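As a plain string of letters, each chain reads:
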Amino acid sequence: MRRVSKITAACAVTAALALTATACGESSTESSGSGDTIKVGMAYDVGGRGDNSFNDSAARGLDKAKAELGVETKELTAKTGETPADREQRLTSLAEGGFNPVIGVGFAYKDAIDKVAAKFPDTTFGLVDSVSEAKNVDSIVFTEEQGSYLAGVAAALKSKDGKIGFIGGVDTPLIKKFAAGFQQGVKDTKPAASVTIQYLSTGTDFSGFGSPDKGKAAAKGMLDKGIDVIYAAAGGSGAGAIEAVAAKDGAWAIGVDSDQAKDPALSKYADSILTSMVKNVDTGVFELIKSVKDGKPMTGTHTYSLAENGVSLTTTGDHLKDIQAQIDEAKKKIVDGQIKVNTTL
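The rules behind each value
- Residues numbered from 1 in each chain as written.
- Predicted model: local features only at pLDDT ≥ 70, side-chain atom pairs only at ≥ 80, totals over all residues.
- Heavy atoms only, no water.
- Helix = DSSP H or I, 4+ residues; strand = E, 2+ residues; numbered from the N terminus.
- Buried < 20%, exposed > 50% of the residue type's maximum accessible area, 1.4 Å probe, protein only.
- Areas by Shrake-Rupley, 256 points an atom, 1.4 Å probe, with all protein chains shown as cover.
- Pairing = 2+ DSSP bridges.
- Axes fitted to C-alpha atoms, helices over the stretch in contact; angles between N-to-C directions.
- Parallel < 35°, antiparallel > 145°, perpendicular 65-115°, else oblique.
- Left-handed = near helix turned anticlockwise from the far one by under 90°.
- Contact = heavy atoms within 4.5 Å.
- Nonpolar A, V, L, I, M, F, W, Y, C, P; charged D, E, K, R; others polar.
- Right-handed = clockwise from strand over helix to strand, strands pointing away.
- Phe/Tyr/Trp six-rings, centres within 6.5 Å; stacked < 30°, edge-to-face > 60°.
- Lys NZ or Arg CZ within 6 Å of the ring centre and 35° of its normal.
- Core = buried A, V, L, I, M, F, W, Y, C linked by side-chain atoms within 4.5 Å.
- Salt bridge = Lys/Arg side-chain N within 4 Å of Asp/Glu carboxyl O.

(A) A look at the overall build of the protein. Across its full length, the protein carries nine helices and 15 strands. Here the protein, with 345 residues, has 58% of them falling under the buried criterion. Carbon together with sulfur atoms contributes 50% to the accessible area of the protein, which is approximately 13900 Å² in total.

Below, the structure is given as structure tokens:
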């Protein structure tokens, strides 16, 4: 099991599906299990399983738990435009159904988990990408800025003219961590390079995470301005950005959260995907589920960092082969503390 560090300050389909339903404006999938198995409830963010990115990474952890631990599962997915009460209802329905742990995938679940966890003190909750102070919550967070810094190094070294773009799904503190680390990595590598930053939505509008058309339009606009490397931290919207980049000769896309060059829906664009900045959400999800099954539920805040391979750059396609030494050097400096990576722009 990968080592994780605990911090006290607040900061951030293998088994056949037995049931597929649609209710209360959300999608639901459920797998069967015996009475002796634990029941795991997964509440995805917008895009859900199949987003080729963040939610799919969490889904891999759930699939691993089904295969190796024999757990029963139920999966529910958020919809664009829903209210905070919808998220509370989703988590409540899982807890009332005896699912334990109940995992909220994405920072948008924080307020809902804070409220629902207090009502179900005997249930362990997981919160991905944000931090809850509730005693029965395992907050699973990552050093996105560190992995994004390395993506910035790669972008700077591969860009022909030093014109680089970043597309964020939603203008939030979490996504700004990606942008901040990426921009710093670019600038530290090539100070004269420029980084254009664009967000697809703002505030409580989370559509920027599930609109491939918006991602495609934003990337095309950047490409038209001469930008030749684009990093999209935008959930399902990133697929649209990758599609646009693939249509432009000589341009590179940088994927996020999952190894997007290996995703069945995006593999046809693999020659244009320079690398992906992977967040191993699957590790955090699996470790939480295993801890509950073992009778020792994880709680508190667990940070998966670059040093622990919580974040990393993929090497699919060997596109980084000529610059791997520089990336490895930057990684060592971050791990050793010689480089302090920004978390804000």
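(B) Local environment of the sheet that holds strand β13 (residues 273-279). Spatially, the six strands line up as an open sheet ordered β10-β9-β11-β12-β13-β15, and their pairing is mixed. Unpaired on one side and paired on the other, β10 (194-202) and β15 (311-313) mark the two borders of the sheet. On average, each strand axis in the sheet is inclined to that of its neighbour by 15°, with strand direction left out of account.

(C) Structural detail: the packing of helix α4 (residues 144-158) against helix α9 (residues 324-336). Interhelical geometry of α4 versus α9 gives an angle of 150° and a closest axis separation of 10 Å. As summarised for this structure, α4 and α9 are arranged roughly antiparallel, according to the angle between their axes. In terms of crossing hand, the pair formed by α4 and α9 is right-handed. Each of Gln146, Tyr149, Leu150, Val153, Ala154 and Leu157 in α4 lies in contact with α9, whose residues at this interface are Gln326, Ile327, Ala330, Lys331 and Ile334. When grouped by side-chain class, the residues that make up the contact of α4 with α9 number eight nonpolar, two polar and one charged.

(D) Quick look at the pairing of β10. Here strand β9 (residues 163-171) pairs with β10 via eight bridges, running parallel. Within β10, the position partnered with Val170 by the bridge is Ser201. Where the polypeptide runs from β9 across helix α5 (residues 173-189) and back to β10, its parallel neighbour, the crossover connection is right-handed.

(E) Spatial organisation of the packing of aromatic side chains. What the rule picks out here adds up to six aromatic pairs. Where Phe107 meets Phe209, the ring centres are 6.3 Å apart and the plane angle is 70°; that geometry is what we call edge-to-face. On the criterion of sequence distance, the pair formed by Phe107 in the loop between β6 (102-105) and α3 (110-119) and Phe209 in the loop between β10 and α6 (212-224) is long-range, its members being 102 residues apart. Both residues of the pair, Phe107 and Phe209, count as buried. Three or more aromatic residues link up through ring pairs in this structure, and these residues are Phe107, Phe206 and Phe209. The ring of Phe99 has Lys39 sitting right over it, with the charged end atom 4.5 Å from the ring centre. The ring of Tyr109 carries Arg87 above its face, with NZ or CZ at 4.7 Å from the centroid.

(F) Up close: the environment of Gly61. Within the secondary structure, Gly61 sits in helix α1 (residues 54-69). On the basis of relative accessible area, Gly61 is assigned to the buried category, the value being 1%. Ignoring any residue separated from it by four or fewer positions in sequence, one finds Gly61 in contact with Asp282, Val285 and Phe286.

(G) A look at the pairing of strand β4 (residues 39-44). Among the six residues in β4, five count as buried, and that is most of the element. Sheet topology note: the β4/strand β5 (residues 72-77) ladder contains six bridges and is parallel. Bridged to Tyr44 within β5 is Thr77. Tracing the backbone out of β4, into α1 and back to the parallel element β5 gives a crossover that is right-handed. The sheet contact formed by β4 and β6 spans three bridges and is parallel. In the sheet register, Met42 faces β6, and the bridge partner there is Ile103.

(H) Highlighting the nonpolar core. Judged by nonpolar contacts, the single largest core of 82 residues is most densely connected at Ile103, Phe125, Phe166, Phe178, Phe182, Tyr231 and Ile289. Top contributing element to this core by residue count: α4, with seven residues. Beyond its immediate sequence surroundings of up to four residues, Ile289 is in contact with Ile38, Val40, Leu62, Ala65, Leu69, Val71, Pro101 and Ile103. Judged by nonpolar contacts, the second largest core, of 22 residues, contains Ala218, Ala234, Ile242 and Ile273.

(I) View of the pattern of salt bridges. Under the definition given, this model contains 19 salt bridges. Note that Glu82 and Arg90 form a salt bridge whose closest N and O atoms lie 2.7 Å from each other. Like Glu82, the residue Arg90 is buried in the burial classification. Asp224 serves as the salt-bridge partner of Lys220, at 3.3 Å between the closest nitrogen and oxygen. Here Asp224 and Lys220 lie together in helix α6, a separation of four residues that amounts to about one turn. A relative accessible area of 56% places Asp224 in the exposed class.

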